[in-house]
Amino acid sequence: MHPTDFTIRGALEALNEGIVTSEALTQAHLEAIQVLNPRLNAFITVTAEKALEAARASDKRRADGLAGKLEGIPLAIKDLFCTAGTRTTAASRILGEFTPPYESTVTSNLLRDGAVFLGKVNLDEFAMGSSNATSAFGEVENPWQRSNDDGVRLVPGGSSGGSAAAVAARLALGATATDTGGSIRQPAALCGIAGIKPTYGRCSRWGVVAFASSLDTPGPVARTVEDCALLLESMSGHDPKDSTSANLPVPDFAAACARGVKGLRIGVPKEYRLEGMPDEIEALWQQGLDWLRAEGAEIVDISLPHTKYALPTYYIVAPAEASSNLARYDGVRYGARVDGEDLKDLYERTRAAGFGAEVKRRIMIGTYVLSAGYYDAYYLKAQKVRALIKRDFDFAFRDVDAILTPATPSAAFPAGEKQDDPVAMYLNDVFTVTANLAGIPGMTVPAGYDRHGLPLGLQVLARDFDEETVFAVGTTIEKAAALKALPQVRAFA
Amino acid sequence: MSLDLQTVRRVASLARLHLEEGEDHRLQAELNGILGWIEQLQEVDTADVEPLAGAGAAAMPMRDDVVTDGGQAAAVLANAPDRAGEFFAVPKVVE
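Residues numbered from 1 in each chain as written. Chains lettered and ligands numbered in written order. Predicted model: local features only at pLDDT ≥ 70, side-chain atom pairs only at ≥ 80, totals over all residues. Heavy atoms only, no water.

Turning our eyes to something else, we now look at the overall build of chain B. A count of helical and extended segments in chain B gives three helices and two strands. Beginning at the N terminus, the succession of helices and strands in chain B can be written as α-α-α-β-β. Computed over its C-alpha atoms, the radius of gyration of chain B comes to 22 Å, more than 25% above the 12 Å expected for a compact globule of 95 residues. When the backbone C-alpha atoms are referred to their principal axes, chain B occupies close to 55 × 45 × 25 Å. The 95 residues of chain B split such that 33% are buried. Within the structure as shown, chain B displays about 6,500 Å² of accessible surface, and the carbon and sulfur contribution to it stands at 53%. (Helix = DSSP H or I, 4+ residues; strand = E, 2+ residues; numbered from the N terminus. Rg over C-alpha atoms; globule rule 2.2 N^0.38 Å. Buried < 20%, exposed > 50% of the residue type's maximum accessible area, 1.4 Å probe, protein only. Areas by Shrake-Rupley, 256 points an atom, 1.4 Å probe, with all protein chains shown as cover.)

Take a look at the structure:
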């Protein structure tokens, strides 16, 4: 077995038993990155020297009996998390060579627990996209290929496409990611790995480049549900620097994975049965419910009547917040600058040159829906519909402990396929976006394959701050599915 | 509601985005496509619904009004594209 094939749990045990060192683990991942990154383009910045130095320091801490909870584990960091002394781009030209003098709270927590950072991974520009096609640093390739491979490059999903591709291709044991409308769960599903968007407020947003502040949620992706639990436990916790960070204890998420689902009531929302949904997704969903029933859960039909309005609501709320958050990129305080004839012209030319097409589109939508005369018709209306979507979940969770849905409307699709029509691209997040609007936790668990052998995921939702139930249900599905297939493009394949 | 070209240009100015030749026409088509799709929200009855701004804790935490950090001019200016001493530099705004 190659060191890149370990799970995080397995690597921690191997490190403890002295079977492997963090230096060897880190070296193996760096070699894999060197070989595969020119093709996959998952990493924007590789910090090889820093990683090896950190790994050696980690091996010393372990030898000294000072091992942290993630001691020596090599991870990839989404290039939306500020990392002190390492370039942070948000996959945008406008940040130029921005090198933060500070460390995000989430990455600080991981470093505190002994994790080793391999580098910064690719994403859609400012996390706006569902195929990783909007990155100023180029597209990421999905490491999976269709079984009747016709040489077609598939997208890894987005926005955390680099995180998901790196973990699936075994270029990292796990990765940080962020989810504003599905950006953890959708790429995890398309790359055949697990990923959890925790409850809003569980992980601090401090030091994470802001997209839409009331929706942005940091979380982990990894190859198993338990690995996600280990990462999330380290990433979570109250942070006085983020006023929306929850002041609640962090449960033992890994322990919750072993709980099972006996006696749990699992909801099946009828509104998620979309017209034209591929049969294989419908069949997988039914299979997931059968697995849970076999393990003692009770399946309950529920209704979330405002589901249909979640995506249009999101495409008012998110751009509105983005237009406000992205006002700070003006070519004055940091990043790239394009000179103009006066200050306003400098701002306008800097922003025109620095932002890509999708980001500009969203800034324009956001500015419009917040502008005088349109605020009530669009933004206020969307906030009211958001309240109804949250109310739907509040009602449902009086009756059920968790909800099971498909994670995405299709498996990975070819690069460029849906690019021309923004609305068609937005529909990729149709199953995930409700959890962001309501703030509840949601997880993607790999559960099966489509007719081309591409991975498909199921999504588990639960009440605010009840990630433990998400992990219990997720583990049950993972065990029942017992998937064996691996992506064709992977380390040491 | 559909956007005319003049509104597209006004929104771009509010957003501080310089539009290249022809970009206003392309954005007009794209934005109208998205806004047309968003229009379906108007069919939802939201009378007597309180707007929800976020999913987080309802009450904003308060802390003492004291300086917790500061004196870091060098770090703050480290990424500036132009500076003059301990200040960000911009083109002249007052003659």
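On to the sheet that holds strand β10 (residues 442-449) of chain A, then. Residue and element names in this part refer to chain A. Strand order across the open sheet formed by 11 strands is β1-β3-β2-β4-β6-β5-β10-β11-β9-β7-β8, with mixed pairing between neighbours. Strand pairing shows two members of the sheet lacking a second neighbour, β1 (43-46) and β8 (298-302), which therefore form its edges. Direction aside, the axes of adjacent strands within the sheet are offset by 30° on average. Summarising the sheet, strand β2 (residues 74-78) and strand β4 (residues 174-179) pair through two bridges and their orientation is parallel. Among the inter-strand pairings, L75 is bridged to a residue of β4, identified as G174. On top of the sheet, helix α3 (residues 48-63) reaches β1 and β3 (116-121); it is set at about 160° to β3, its chief contact. (Pairing = 2+ DSSP bridges. Axes fitted to C-alpha atoms, helices over the stretch in contact; angles between N-to-C directions. Contact = heavy atoms within 4.5 Å.)

Here the focus is the side chain of H306 of chain A. With respect to the element layout, H306 of chain A can be found in the loop between β8 and α10 (310-325). Overall, the relative accessible area of 18% leaves H306 of chain A in the buried class. Those residues in contact with H306 of chain A, other than ones at most four positions away along the chain, are L388, I389 and D392 of chain A together with V44 of chain B.

Moving on: the packing of helix α12 (residues 357-370) of chain A against helix α1 (residues 5-14) of chain B. Running from N to C, α12 of chain A and α1 of chain B cross one another at 100°; their axes reach a closest spacing of 9 Å. Judged by the inter-axis angle, α12 of chain A sits roughly perpendicular to α1 of chain B. Contact residues: α12 of chain A offers M364, T367 and Y368 of chain A, while α1 of chain B offers T7, V8, V11, A12 and L14 of chain B. Residues of the contact of α12 of chain A with α1 of chain B, tallied by class, amount to six nonpolar, two polar and no charged. (Parallel < 35°, antiparallel > 145°, perpendicular 65-115°, else oblique. Nonpolar A, V, L, I, M, F, W, Y, C, P; charged D, E, K, R; others polar.)

Turning to the nonpolar core, a few remarks are in order. Residues and elements named next belong to chain A. Counting 148 residues, the largest nonpolar core has L110, F126, F393, F471 and I477 as the members making the most contacts within it. Ranked by residue count, the leading element in this core is helix α13 (residues 376-399), at 10 residues. Listed in part, the 32 residues of the second largest apolar core include L40, A76, V121 and A168. (Core = buried A, V, L, I, M, F, W, Y, C linked by side-chain atoms within 4.5 Å.)

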